[in-house]
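Observations on the model geometry
These are the residues of each chain, in order.
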Amino acid sequence: MVSGLINANPVVYEKKERRARSASSCVNDEYAAEQIDQQEVFDHVRDIKDPEHPYSLEELKVITEDAIEVDDERSYVRVTFTPTVEHCSMATVIGLCLRVKLMRSLPPRFKVDIMVAPGTHATEAAVNKQLNDKERVAAALENPNLVDMVDECLAPTFD
């Protein structure tokens, strides 16, 4: 992935067991808005690979189910992530991966905010501003090298 690791020996945690999803109550109505909940959003982002390590964001505890807020009624999702070190240079890439994964996975009615957990990154305010500015995100997604890195992090793994 990336040479010159910022955090050469991250703590790796065990993945949570995947829970079965209950069947939707509006299966027969193809025009009904599908309910989105915290578990579904977590299932979308849990397997994103860290840009520096061969582990998922879940295994590094960069993302947890408790750090996801969903207000389906208002079509709002907030994902708060915790970098492994406070000077992580990959924080914006991780946040961009989360944003792109949710842009591709959630219905377009959702507004998504991606935030660094308070007090966990040296430049938290700057990272949060960059990740939630439409123009900056659009500009980042025009960079082919950055898009390749994001796609590599989002590529499915078959464990």
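Within an unreviewed UniProt entry, the label attached to the chain reads MIP18 family-like domain-containing protein, and the organism entered is Citrus sinensis. Per UniProt, the chain carries the Sequence similarities (unreviewed entry) text "Belongs to the MIP18 family."

1. Concerning the pairing of strand S3 (residues 111-116)
Where strand S2 (residues 76-81) meets S3, 6 bridges bridge the pair, whose relative direction is parallel. Bridging across to S3, Thr-80 finds its partner in Met-115. For the crossover that starts at S2, traverses helix H2 (residues 91-105) and ends in the parallel S3, the hand is right-handed.

2. Points about H2
Under the 1.5 Å per step criterion, the end-to-end length of H2 is 21 Å for 15 residues, consistent within 8% with the ideal 21 Å. Buried residues along H2 sit against helix H1 (38-45), S2, S3, helix H3 (124-131), helix H4 (134-140) and helix H5 (144-154).

3. Side note on the sheet that holds S3
Think of a sheet as strands paired side by side through backbone hydrogen bonds, with each pair either parallel or antiparallel. Spatially, 3 strands are ordered S1-S2-S3 in an open sheet, and the strand pairing comes out mixed. Only two strands of the sheet have a single partner each, and these edge strands are strand S1 (68-71) and S3. Within the sheet, the average angular offset between the axes of one strand and its neighbour, ignoring direction, is 10°. As paired strands, S1 and S2 are joined by 4 bridges and run antiparallel to one another. Counted as the bridge partner of Glu-69 is Arg-78 from S2. Relative to the sheet, H2 contacts S2 and S3, its axis offset from that of S3 by approximately 160°.

Definitions and limits used
- Residues numbered from 1 in each chain as written.
- Predicted model: local features only at pLDDT ≥ 70, side-chain atom pairs only at ≥ 80, totals over all residues.
- Heavy atoms only, no water.
- UniProt positions renumbered as here; feature names shortened; annotations may be inferred.
- Pairing = 2+ DSSP bridges.
- Helix = DSSP H or I, 4+ residues; strand = E, 2+ residues; numbered from the N terminus.
- Right-handed = clockwise from strand over helix to strand, strands pointing away.
- Expected span 1.5 Å × (residues − 1).
- Contact = heavy atoms within 4.5 Å.
- Axes fitted to C-alpha atoms, helices over the stretch in contact; angles between N-to-C directions.

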